[in-house]
Amino acid sequence: MTRGRRLGIDVGAVRVGVAVCDPDGVLATPLVTVPRDADGGSDLRAIAGLVAEHEAVGVVVGLPRTLAGRDGPAAETARAFADALSGVLDVPVELSDERLTTVVATRQLRERGVKGRKQRAVVDQAAAVAILQGWLDARRRR
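Conventions adopted
- Sequence order sets the numbering: in each chain, residues are counted from 1 along the sequence as written.
- A pLDDT threshold of at least 70 governs which residues receive local features in this predicted model, and a stricter bar of 80 or more applies before side-chain atom pairs are shown or counted, although totals over entire chains, interfaces and linings include all residues.
- Processing note: side-chain calculations cover all non-hydrogen atoms of the structure and skip hydrogens and water entirely.
- UniProt positions are given in the numbering used here, feature names are shortened, and annotations may be inferred rather than shown by experiment.
- Accessible area is worked out with a 1.4 Å probe on protein chains only. A residue is then buried under 20% of its type maximum, exposed over 50%, and partly exposed in between.
- Each helix is a run of DSSP H or I of at least 4 residues and each strand a run of E of at least 2, with the numbering of both proceeding from the N terminus.
- Here, strands pair whenever DSSP counts at least two bridges between them.

- Identification of the protein as Putative pre-16S rRNA nuclease from Pseudonocardia cypriaca is taken from an unreviewed UniProt entry.
- Taken directly from UniProt, the Subcellular location (unreviewed entry) text for the protein runs: "Cytoplasm".
- In UniProt, the protein has this text filed under Function (unreviewed entry): "Could be a nuclease involved in processing of the 5'-end of pre-16S rRNA."

If you want it as structure tokens, here you go:
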């Protein structure tokens, strides 16, 4: 695995959660939540800016497949987002299976006492952390 920071992306209908890892690819941490802009592309430009700012060597976009392993509408949205992101970045964009990351992130935040509007603001970042951390852990096990 190439050394360097990577961004993890959780694509939602309203928001895009972004996480970043350290240059050694050990720990993913929450970075920011970007408003989704499917028509204008400002979300893609914002992420391109984050890639440049953090000198990221790659991007990992969560692929929310069904529990049966099929692609539903959310997975199609994630694939389209990853394709669009590939068009504006000069670093690799990969998809990573992320079944249940948002569910797990929501549960963890609730257990920590983060509720309501505050939870919605950070759940996308927490899901992005889970996506990126899962990808990093899988690469380390190889």
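**Observations concerning the pairing of strand β4 (residues 58-63)**
Here is step 1 of the chain: The element β4 is largely enclosed, with a buried count of 6 among its 6 residues.
Here is step 2 of the chain: Taking every second residue as pointing to the same face, both faces of β4 are buried, with Gly58, Val60 and Gly62 on one and Val59, Val61 and Leu63 on the other.
Here is step 3 of the chain: One ladder, built from 4 bridges, connects strand β1 (residues 6-11) with β4; its direction is parallel. Bridge pairing links glycine 8 to valine 60 in β4.
Here is step 4 of the chain: Relative to strand β5 (residues 93-97), β4 runs parallel, the two sharing 5 bridges. Bridged to glycine 62 within β5 is serine 96.

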